[in-house]
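Each chain, written out:
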Amino acid sequence: MAIANVKVEGLQKSFWDESRGEVRAVDGIDFDCQPGEVFGLLGANGAGKTTTLRMLATILKPTGGSASLNGYDVLADPEAVRRSLGFYSASTALYPRLTGRETLEFFARINGYPANQVNQRVEELIDRFGIREYAGARVGKLSSGMRQKISIARTIVHDPPILIFDEPTVGLDVMAALEMQNVIHELRDEGKVIIFSTHIMSEAEKLCDRIGIIHQGRILALGTLEEHRQATGKHYLEDVFVHEVMQAEDQSAKAMASPGEPRTSL
Amino acid sequence: MSPKRSDNTSVLGTLFRCEIKRLMRDARVLLISVFAPLVIVPGYILVMQWIGNSEEQRLEDTVYEYALSGDEAEWGLEIVSAALALEANDPDTSQAVVRFERQQVTNTDSLLQAGEIHLVIEALSPEAYERSRAEEIAADTLDPEEDEVAPEIEEGSDGGTAPELQLPIIRLRFRGNSDFSRRAHDRLDARIREVRSELRDSVYLAGGFPVGREEFASVETENTASAEKEGGALLGMALTPFLLLLMLSGGSIMAVDAITGEKERGTLETLLTSAASRSEIVAAKQMGIIAVGVVVVVINVLNLLAYLVLGLLELPENLAVALSLLDLVLILILFLPLTVLISSTLLLISGYAKSYKEYQIYFLPLFLVFLVPSLAGILPGLDLRSAIALVPIAGVGVAVREIMVGEYDWLFLAIAFASTAGASWWASRLTQRTLLTERLISSSDLDEADLLGGPALFPRHVLRWFVGMWVVFFLTAIWVGGELTLQGQIILNLGVIFLGGSLLMVRRYGLDPRKVFALRPVHPAVLLAVLVGIPAAYLTGIGLSTLVDAYLFPVPQSVLEAFGEVLLDDEIPLWQLVFFICVMPGILEELAFRGVLLHGLRKTWSPVIVCLVTGGIFGLFHVDLFRLIPTAYLGVIFAAVVLLTGSIFPVMLWHFGNNAIALVPQRMGWVTEETVFPEWVFAIAFVALLIVFWIIWKVSTPYPDLKKTRPREFS
């Protein structure tokens, strides 16, 4: 049995909202991920994907449950968690006044990469992503495609065993999105644990070894694509997703209609 | 595999270098915020000086034109001629001679209003003066700028007005909105008064006055302060606000980008998901703000010095400053916590602001909050040896002024340093906490404690409440303290501020009164121990005060006498004194300090620190500096008893007993302020106090939920 590098149990996150009161953005979710696996969180906007991943990245503090990455608890040892982690999302921008090379050096150093190996590692990544030509230019002057490559290199510069990609293809053109998918495949093949969130069905079908369908802060169904197909009788992931969500909505509506009935965990 | 972590210094250094590098590459910010002021500030001073000098030159070069009118014009001409002769032959060369020229015109008023002439001199007989006044009153066109000179009448004498004595009048009419007209008036007015004075003296002499005029008119002044001291006082007043403004504006260049900018760019999330800890990130950003602020201060000061050396700017005449190396070191030490305070606060608002625009909104009030206390050094009569030393920033402002005039009150210099250092430490903690809050990243404005609200939020807010209560306490003491009787003061302080504030906190945070006020039963042995502890702690306290008086700072006799007067005031019956000085503090001060405050801080620090902090705050609420240490000492003892027993009742009894033992024997005349206890009494009292604490400790029922181990921190 493989060691679970990411283990999530009953994870919860509640927020206070002026108009809505207490909002449970994540409502007790469980999953684990293995090395060399791409685990996908598939859900609509506002389903709780980003909140979940931010809790794993120790940016947000869980209000319930637990999560550990590479054996480190997100509450007890957040710095060790972050050292084991590369986090990429559409909102993790780069410093526009640093060059690509400086960006990689900076993040390698603050992520604790051995100082005497930083330059070698940076040059290696510059070659790997084909960014040598503009590695000396300031990031703010580069095109979004170039910045994306540097951003991915920034995510893996300290060679973390776990990578989180939070909707990484949002806003990218087709070619850039394809390149991102290729990188994720390569990283999986290197044995990294990859958690990937998306609301694009085709991307999840293509990339993920296992998929958790998340809706209103809960994982409705979790398994390989084949397992989802068998459980729902639907072929396309989009149909599977709609089926699971509709079923959850129905159950929710029934629970609302008969408030005495206890809520059941999906 | 995850590589091992580098040491903290390396990460801190990397973060700091990155901050500076990013700023240095922002050409527009550097140009507008750093280099432009180097030209603009001295340029502004230069232009102002040039305008001032040009104006002065024009005033000096002008030949002031005046017209003479009135039915006593001939007599007036004599006076004016004498006055102008004085002006022309003035031996004082420090001011330029003003030249006047008479214009023979008739329509004087219209020419004056048109600016054709600078001054109209009316020489009027009493009848003409009366007519003129009557016309003016009728026309309601009385000009308050008019001056009337009655040469033969002493100002402020009982001799009545000039018309009553039937004496002629000289009236100067000028236009106050014209610098030239005003200059003509000021100078001629002064000269006419001199002439009048000489005329009066000659009348005295002619009348056989026995003393020569040169004797009774002789006035001599002498300034005993050296030029260095005067210059030091002048610069000392301005130095703190000047450097503070530069530091604020310089530090802000970095601060606005430090967190607000990171939020707007989206780089904050990238940074926070790195392995750098929050404390390293905060420290690096704070170092960046300090570095940029200090550099801006240094280059601006050097820039001004360069302008002075080059002779482009001029200092006021006779301005001399003599600073020793010790003075410079002391000033630098005093500015150190101020620098940290500024950087922490700037970083704090950078953390709170969601955008550059919001940062600007916060910056203006912050600017004023810093500027106003920094001006304390300018206030006349404000000495460092006062409560001002306790006010952060203000204490430093006054301390710097005193250092620059060569006065070194070491204890109060240390207090001024400590108060600003304490504020900077607090601001640093707040800033650190800001980066722990989730509002930096999530759309929610609130973090976990906010979400849980009520009691969970209370420990975070309790110090703010007490700061607020202290401000109200301090201001009411200044504004209405003197107006109230002793009873009124106690009702206001204890009944309104302490009890009112405490109840407001209980209500606002939904606290359980039994828990927050520690209303728990105690072991009977504790109460017995307290009865012994009351005299033991009281006498130990006197011993401590004696030591403080002897070695730290002597308590002025006036303070002791003032305190004694209250106790011995026969107009207040003893039962009232007991009620207001013993019962009320015993209950209400305990509910506020050992109740609410201690409850709020119990999980923040270890029990020892909680005792010291609550004791210190209790001392600060007794505003008078000379009572700070004795009351803080009692506050520490009371806090320790509450933490050991988990109950407020023993300290209510102790507090009541302590005040009673201080009051009743003195009121009854059994002891006086002059009573001196032998030293062995203090030694026995101290041993007894230790035994009392040992007994309480043996039967202790500790306060629940104290901080025992360092809680897990989400760093």
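What you see is a predicted model; the values in this text were computed from it and never measured. (Residues numbered from 1 in each chain as written. Chains lettered and ligands numbered in written order. Predicted model: local features only at pLDDT ≥ 70, side-chain atom pairs only at ≥ 80, totals over all residues. Heavy atoms only, no water.)

**Some remarks on the overall build of chain A**
Piece 1. Within chain A one finds nine helices and ten strands.
Piece 2. Looking at the 266 residues of chain A, the share that counts as buried comes to 53%.
Piece 3. Partitioning the contacts of chain A with sequence separation of at least 6, the portion at a separation of at least 24 is 68%.
Piece 4. Surface summary for chain A: the accessible area is close to 11500 Å², and the carbon and sulfur share equals 49%. (Helix = DSSP H or I, 4+ residues; strand = E, 2+ residues; numbered from the N terminus. Buried < 20%, exposed > 50% of the residue type's maximum accessible area, 1.4 Å probe, protein only. Contact = heavy atoms within 4.5 Å. Areas by Shrake-Rupley, 256 points an atom, 1.4 Å probe, with all protein chains shown as cover.)

**Observations concerning the packing of helix H8 (residues 227-265) of chain B against helix H11 (residues 325-352) of chain B**
Residue and element names in this part refer to chain B.
Piece 1. It is the contact of H8 with H11, at a shortest axis distance of 8 Å, that shows an interaxial angle of 35°. Note that H8 runs across H11; the crossing there is right-handed.
Piece 2. Taken together, the residues of the contact of H8 with H11 break down into 17 nonpolar, seven polar and one charged. (Axes fitted to C-alpha atoms, helices over the stretch in contact; angles between N-to-C directions. Left-handed = near helix turned anticlockwise from the far one by under 90°. Nonpolar A, V, L, I, M, F, W, Y, C, P; charged D, E, K, R; others polar.)

**Focus on the pattern of salt bridges**
Close approach of charged atoms lets side chains of opposite charge pair.
Piece 1. A complete count under the given rule lists 39 salt bridges over all chains for this structure.
Piece 2. With a shortest N-O distance of 3.0 Å, Arg 54 of chain A and Glu 269 of chain B are connected by a salt bridge. Highlighted residues: Arg 54 of chain A in helix H1 (residues 49-56) and Glu 269 of chain B in helix H9 (residues 267-272), drawn from two different chains. The pair Arg 54 of chain A / Glu 269 of chain B is uniform in exposure class, with both members buried.
Piece 3. Within the structure, one salt-bridge network assembled from shared partners comprises Arg 97 of chain A together with Glu 19, Arg 22, Asp 26, Asp 257, Glu 262, Arg 265 and Lys 285 of chain B. (Salt bridge = Lys/Arg side-chain N within 4 Å of Asp/Glu carboxyl O.)

**Overview of the packing of aromatic side chains**
Residues and elements named next belong to chain A.
Piece 1. Counting across every chain of the model gives 26 aromatic pairs over all chains.
Piece 2. Between Tyr 88 and Phe 165, the aromatic rings sit 5.8 Å apart at their centres with planes inclined by 45°, giving tilted as the arrangement. Of this pair, Tyr 88 sits in strand S6 (residues 85-89) while Phe 165 sits in strand S7 (residues 162-166), placing them 77 residues apart in sequence. Comparing Tyr 88 with Phe 165 shows no difference in burial state: the two are buried. (Phe/Tyr/Trp six-rings, centres within 6.5 Å; stacked < 30°, edge-to-face > 60°.)

**What to know about the side chain of Glu 358 of chain B**
Residue and element names in this part refer to chain B.
Piece 1. Along the polypeptide, Glu 358 turns up in helix H12 (residues 356-374).
Piece 2. At 4.8 Å, Lys 354 is the nearest oppositely charged side chain to Glu 358, a buried residue that forms no salt bridge.
Piece 3. Other than its neighbours up to four places away in sequence, Glu 358 contacts Tyr 352 and Ala 353. (Lys, Arg positive; Asp, Glu negative; His and termini not counted.)

**A closer look at the confidence of the model for chain A**
All names here are of chain A.
Piece 1. Mean pLDDT over chain A works out to 87, with 92% of the residues at or above the 70 mark.
Piece 2. When mean pLDDT is compared element by element in chain A, helix H3 (residues 100-110) scores highest at 95, while helix H9 (residues 237-257) scores lowest at 84.
Piece 3. In this model residues 260-266 is a low-confidence stretch, pLDDT under 50, and it forms eight contacts with partners more than four residues away in sequence or in other chains. (pLDDT = per-residue confidence, 0-100.)

**Here we look at unusual backbone geometry**
Residues and elements named next belong to chain A.
Piece 1. Positive phi is not limited to glycine here, since Asn 70 has a value of about 55°.
Piece 2. Structurally, the position occupied by Asn 70 is in the loop between strand S4 (64-69) and strand S5 (72-73).
Piece 3. The phi dihedral of Glu 167 is positive, around 45°, even though this residue is not glycine.
Piece 4. Using a relative accessible area of 12% as the deciding quantity, one classes Glu 167 as buried.

**What about the pairing of S4 of chain A?**
Residue and element names in this part refer to chain A.
Piece 1. Across two bridges, the pairing between S4 and S5 is antiparallel. What sits directly across from Leu 69, in S5, is Tyr 72.
Piece 2. Adjacent in sequence and paired antiparallel, S4 and S5 are bridged by two residues, among which Asn 70 carries a positive phi angle near 55°. (Pairing = 2+ DSSP bridges.)

**Here's the deal with the environment of Val 642 of chain B**
Residue and element names in this part refer to chain B.
Piece 1. Counting through the fold element by element, Val 642 comes out in helix H23 (residues 628-645).
Piece 2. Val 642 gets classed as buried once you look at its relative accessible area, which sits at 0%.
Piece 3. Ignoring any residue separated from it by four or fewer positions in sequence, one finds Val 642 in contact with Arg 594, Leu 598, Ser 647, Ile 648, Val 651 and Tyr 703.

**As for the nonpolar core**
The tendency in soluble globular proteins is for nonpolar side chains to be buried as a group.
Piece 1. Ranked by internal contacts, the top residues of the largest apolar core, which has 113 residues, are Phe 165 of chain A together with Leu 15 and Leu 346 of chain B.
Piece 2. Tallying contributions element by element places H8 of chain B first for this core, with eleven residues.
Piece 3. Apart from residues no more than four positions distant in its own chain, Phe 165 of chain A is found in contact with Leu 53, Tyr 88, Met 180, Ile 184, Leu 187, Ile 194, Ile 195, Phe 196 and Ser 197 of chain A.
Piece 4. Among the nonpolar cores identified, the runner-up in size contains 66 residues, and Tyr 509, Ile 637, Val 641 and Ile 696 of chain B belong to it. (Core = buried A, V, L, I, M, F, W, Y, C linked by side-chain atoms within 4.5 Å.)

**Points about a nonpolar patch on the surface**
Residue and element names in this part refer to chain B.
Piece 1. Among the surface-exposed residues, Leu 235, Val 321, Leu 323, Leu 325, Leu 328, Val 329, Ile 333 and Phe 417 lie close enough to one another that they form a single nonpolar patch of about 640 Å² accessible area.
Piece 2. With four residues, the top contributor of residues to the nonpolar patch is H11.
Piece 3. On the secondary structure map, Ile 333 appears in helix H11.
Piece 4. By relative accessible area, which is 40% here, Ile 333 ends up partly exposed. (Patch = residues over 30% accessible without salt bridge, like charges linked within 9 Å, V, L, I, M, F, W, Y side chains within 5 Å.)

**Examining the sheet that holds strand S10 (residues 218-223) of chain A**
Residues and elements named next belong to chain A.
Piece 1. The strand order across the open sheet built from six strands is S6-S7-S8-S3-S9-S10, with neighbouring strands paired in mixed fashion. The open sheet has two edge strands, S6 and S10, and neither has a second partner. The mean inter-strand angle of the sheet, taken between neighbouring strand axes irrespective of direction, is 15°.
Piece 2. Relative to S10, strand S9 (residues 210-215) runs antiparallel, the two being bridged by five bridges. Bridge pairing links Ile 214 to Ile 219 in S10.

**Observations concerning the packing of helix H10 (residues 278-309) of chain B against H11 of chain B**
Working note: a packed helix pair is described by the angle between its axes plus the distance between those axes.
Residues and elements named next belong to chain B.
Piece 1. Between H10 and H11, the shortest axis-to-axis distance is 9 Å and the interhelical angle comes to 120°. It follows that H10 is oblique to H11 by the angle criterion. Once H10 is placed against H11, the crossing between them reads as right-handed. Taken together, the residues of H11 that come into contact with H10 (itself represented by Val 282, Lys 285, Gln 286, Ile 289, Ile 290 and Val 294) are Thr 339, Val 340, Ser 343, Ser 344, Leu 346 and Leu 347.
Piece 2. Taken together, the residues of the contact of H10 with H11 sort by class into seven nonpolar, four polar and one charged. (Parallel < 35°, antiparallel > 145°, perpendicular 65-115°, else oblique.)

**A word on helix H2 (residues 27-61) of chain B**
Count 3.6 residues to each turn of an α-helix, and residues three or four apart come out pointing the same way.
Residue and element names in this part refer to chain B.
Piece 1. The terminal C-alpha atoms of H2, which comprises 35 residues, lie 48 Å apart, in line with the 51 Å expected from a rise of 1.5 Å per residue.
Piece 2. Remark: the principal bend of H2, roughly 45°, maps to Ala 36, with a proline, Pro 37, within the next four residues.
Piece 3. For H2, the set of buried residues is Leu 30, Val 34, Pro 37, Leu 38, Pro 42 and Leu 59. (Expected span 1.5 Å × (residues − 1). Bend = angle between axes of the 7 residues up to and from the residue.)

**Remarks on helix H6 (residues 179-206) of chain B**
Piece 1. Its 28 residues give H6 of chain B an end-to-end C-alpha distance of 40 Å, which sits within 8% of 40 Å, the value for a rise of 1.5 Å per residue.
Piece 2. Gly 208 of chain B occupies a position one or two residues after H6 of chain B and carries a positive phi of about 85°.

**Observations concerning the confidence of the model for chain B**
Residue and element names in this part refer to chain B.
Piece 1. When pLDDT is averaged along chain B, the result is 82; 85% of the residues meet or exceed 70.
Piece 2. Across residues 148-163, where pLDDT falls below 50, the model places 37 contacts with residues more than four positions away in sequence or in other chains.
Piece 3. The low-confidence segment residues 709-715 (pLDDT under 50) makes 19 contacts with residues lying over four places distant or belonging to another chain.

**Quick notes on the side chain of Arg 97 of chain A**
Piece 1. Examined against the element boundaries, Arg 97 of chain A turns out to sit in the loop between S6 and H3.
Piece 2. At 2.6 Å, the side chain of Arg 97 of chain A forms a polar contact with the backbone oxygen of Arg 22 of chain B.
Piece 3. Contacts of Arg 97 of chain A, omitting those with residues within four sequence positions, involve Glu 102 and Arg 138 of chain A together with Arg 22, Arg 25, Asp 26 and Asp 257 of chain B. (Polar contact = N/O pair within 3.5 Å; in protein donor to acceptor, adjacent residues only side chain to side chain.)

**Overview of the environment of Gly 232 of chain B**
Residue and element names in this part refer to chain B.
Piece 1. As for its placement among the helices and strands, Gly 232 is situated in helix H8.
Piece 2. A relative accessible area of 0% means that Gly 232 is categorised as buried.
Piece 3. As for Gly 232 and Leu 319, which are separated by 87 residues in sequence, their C-alpha atoms are 8.6 Å apart.
Piece 4. Setting aside its immediate chain neighbours within four residues, Gly 232 contacts Ala 320, Val 321, Met 404 and Val 405.

**Things to note about the pairing of strand S5 (residues 169-173) of chain B**
Residue and element names in this part refer to chain B.
Piece 1. For S5, a buried count of five out of five residues is recorded, marking the element as mostly surrounded by other parts of the structure.
Piece 2. Taking every second residue as pointing to the same face, both faces of S5 are buried, with Ile 169, Arg 171 and Arg 173 on one and Ile 170 and Leu 172 on the other.
Piece 3. Here five bridges tie strand S3 (residues 119-124) to S5, and the two strands are oriented antiparallel to one another. Opposite Leu 124, over in S5, you have Ile 169 as the bridge partner.

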